[in-house]
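Analysis of the macromolecular model
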Amino acid sequence: MSSARLSGVGVSSGRASGPVVRVAEPLGEPPAEPVPTDVAAEAARIRPAADVVAERLFDRAARATGDAKAVLETTAAMAADPALLGQAEKLVAEQQLPAARAVHQAAAGFITALEAAGGYMAERARDVQDVRDRLVAELLGVAPPGVPDLASPSVLVARDLAPADTAGLDPAKVLALVTEEGGPTSHTAILARALGIPAVVACRGVLASDAAALLVDGDTGVVQASDGTVRAAHVAGKAEWNGVGVLRDGYRVKVLGNVGSPADAVAAAAAGAEGVGLFRTEFCFLSSTQEPTVEDQRAAYAAVLAPFAGKPVVVRTLDAGADKPLAFLEPDPEPNPALGVRGLRVAFDRPDVLDRQLEAIALAAKDSGADVSVMAPMVATAAEAAWFVERARKAGIERAGVMIEVPAAALVAREILAVVDFVSLGTNDLAQYTFAADRQVGAVAALNDPWQPALLRLVQLVGEAGTALGKPVGVCGEAAADPLLACVLTGLGVTSLSMNHTALAGVGAKLASTSFDLCQLAARGALGAADPASAKLAARAPH
Ligand SMILES: C=C(OP(=O)(O)O)C(=O)O
Ligand SMILES: [Mg+2]
């Protein structure tokens, strides 16, 4: 594509350019063919390959610090484990398997045994998988799967990234992220924004491109070949905001932060968040293979709550499933995970897990001094909402609410609000389910546009229900991060807006420049529009 421009959806602001590093696709099980002609020679390839892998990992360990260093040293030692290598050599000799297949098969035995042992041992199964994949890649002469160790600042190109991989990216090394697939409200996009890494998703053709360097514009979604000069992200100038969500006529709309880690919480507090409207607790445990103990959860939550002592924080209970799988809450295989057992639905099968989490949240609230409420994800009916509220109260948590992110819940918002203290609109999922458009699929990204009038009409229903019952209605989906849309949402009756820390000042400043009358005018215009572009135009007219 040397001169071609590719276009995707810009999901994390900023422009950056630099050399491309591609994330290799996962390796499947290597083939059992061809049968090696010289089994002794084939078996003899395994130890030198293991030496190369171990040396690379020790090299990385030498450059790392803290936990990362310890993990890399353990993994390097595992790569040279004589038990694993001996078993693989035996399989080559006895079953005439190619070396790569033999390593895969030998590792499978170890992985099964570790998983069966549970606890700490089960955590090690993931390390064996990692070593296995590196060894297999070395023997096949291909790049190891996953995000590579970046020696210098680079633009990462991938088909898509798992949330756990994205969460582990180092913003000092990753200049920008471009994915062939993925949607604007996918968790990969949300995490890239939290890390401040410019990102473009649904960029068709980027995997096929042979450009050695790319210029990425996370605002326009344009990706083009560049000369390889490294230019760091340039984030648009900061808006002036005094940290209080208030319109120029004095109308109050709380401006809150979305967080998933202690670093997010510190950044949100520093950017002036009045509290937290969404703490995604599942982000604390994306790599855990076992359910964290109550004490582990208590410590993890307290670390995120600490910067908000004395301020309101809405802690969302685990939203496991679909694109945020948690190994310890894996459902049976489902044809449509986004429509399956995720969010609160997991808790119906495993109420004990929810109760332990609520206990940990109550303890962390006391430890941190934050004014904590809890909220359940993926609620579809008022009965589900009532079930959750009762459990939260039993755990000693006074204020309990639910997300409105399933169209059915928006339609019965009054009934739901009658049994909860507050609701918060998850516009990412609400759009996904309203338009039957998977938020992870780039091809349907246009439907997942929060300016879609159909989505706004559902928000209107919930806003009206909140006003009628005198209960708070928040928005914590990505819609809240768009300053103009924030005005529309306010006009629709939304009482708090929760967003990534980078969006706080822009939204706060925009709200300070408008009035409730203008917000209502903008909302009426957007609701009556035929499509997202005209909705935006209509909202801009009074602003
Ligand atoms: C805020 C939301 O929750 P999540 O993005 O974590 O699914 C949403 O769906 O809008
Ligand atoms: Mg959601």
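Nothing here was measured: the structure is a model prediction, and the numbers come from that model. (Residues numbered from 1 in each chain as written. Chains lettered and ligands numbered in written order. Predicted model: local features only at pLDDT ≥ 70, side-chain atom pairs only at ≥ 80, totals over all residues.)

**Quick word on the site of ligand 1**
For ligand 1, the full set of nearby residues is Leu278, Arg280, Asp319, Glu405, Gly426, Thr427, Asn428, Asp429, Cys476 and Gly477. Elements represented by at least two residues in the shell around ligand 1 include exactly β10 (276–280) and α16 (427–434). A total of three residues in the shell around ligand 1 trace back to one element, the largest contributor, which is α16. The residue inventory of the shell around ligand 1, partitioned by class, reads two nonpolar, four polar and four charged. (Near = placed C-beta within 6 Å. Helix = DSSP H or I, 4+ residues; strand = E, 2+ residues; numbered from the N terminus. Nonpolar A, V, L, I, M, F, W, Y, C, P; charged D, E, K, R; others polar.)

**Description of the sheet that holds strand β11 (residues 312–316)**
Overall, parallel pairing links the eight strands, which are arranged β9-β10-β11-β12-β13-β14-β15-β16 in a closed barrel. On average, each strand axis in the sheet is inclined to that of its neighbour by 30°, with strand direction left out of account. One ladder, built from five bridges, connects β11 with strand β12 (residues 371–376); its direction is parallel. Bridging across to β12, Arg316 finds its partner in Met375. (Pairing = 2+ DSSP bridges. Axes fitted to C-alpha atoms, helices over the stretch in contact; angles between N-to-C directions.)

**What to know about the domain arrangement of the protein**
As assigned here, the protein comprises domain 1 (5–23 + 147–225), domain 2 (39–140) and domain 3 (254–515). Distance between the C-alpha centres of domain 1 and domain 3: 26 Å. Broken down by secondary-structure element, the contributors of at least two residues to the side of domain 1 that touches domain 3 are α7 (163–167) and α8 (187–195). Of the residues contributing to the side of domain 1 that touches domain 3, the split by class is eight nonpolar, seven polar and two charged. (Domains from an automatic or database assignment.)

**Concerning the UniProt feature "domain: PEP-utilising enzyme mobile" (unreviewed entry) in the protein**
Mapped onto this numbering, the UniProt entry annotates "domain: PEP-utilising enzyme mobile" (unreviewed entry) at residues 152–221. Between the C-alpha atoms that bound residues 152–221 the distance is 24 Å, and the span itself is 20% helix and 27% strand. (UniProt positions renumbered as here; feature names shortened; annotations may be inferred.)

**Examining the UniProt feature "binding site: phosphoenolpyruvate" (unreviewed entry) in the protein**
Per the UniProt record, "binding site: phosphoenolpyruvate" (unreviewed entry) is annotated on Arg280, Arg316, Asn428, Asp429 and Arg439. With respect to the element layout, Arg316 can be found in strand β11. A count of 27 C-beta atoms within 10 Å places Arg316 in the buried class. Beyond its immediate sequence surroundings of up to four residues, Arg316 is in contact with Leu278, Phe279, Arg280, Thr281, Met375 and Pro377. Checked against the element boundaries, Asn428 lands in helix α16. Not counting the four nearest positions on each side in its chain, Asn428 is found in contact with Thr185, Arg439, Gly477 and Glu478. (Buried ≥ 20, exposed ≤ 12 C-beta atoms within 10 Å, placed from the backbone. Contact = placed C-beta atoms within 7 Å.)

**A word on the sheet that holds strand β6 (residues 199–201)**
A sheet is described by the order of its strands in space; here eight strands give the open sequence β1-β8-β7-β3-β4-β5-β6-β2, paired in mixed fashion. Taken across any chain shown, the strands that pair with only one partner, and hence form the sheet edges, are β1 (5–7) and β2 (9–12). The sheet shows a mean angle of 30° between the axes of neighbouring strands, direction not considered. Where strand β3 (residues 15–22) meets strand β4 (residues 154–158), three bridges bridge the pair, whose relative direction is parallel.

**Observations concerning the nonpolar core**
By size, the foremost hydrophobic cluster in this structure holds 146 residues, and its most contacted members are Val178, Val402, Val488, Leu489 and Leu497. Among the elements that take part in this core, helix α12 (residues 351–368) stands out by supplying seven residues, more than any other. Counting residues in hydrophobic clusters, the runner-up holds 32 residues, among them Leu84, Leu97, Ala100 and Leu139. (Core = buried A, V, L, I, M, F, W, Y, C linked by C-beta atoms within 7 Å.)

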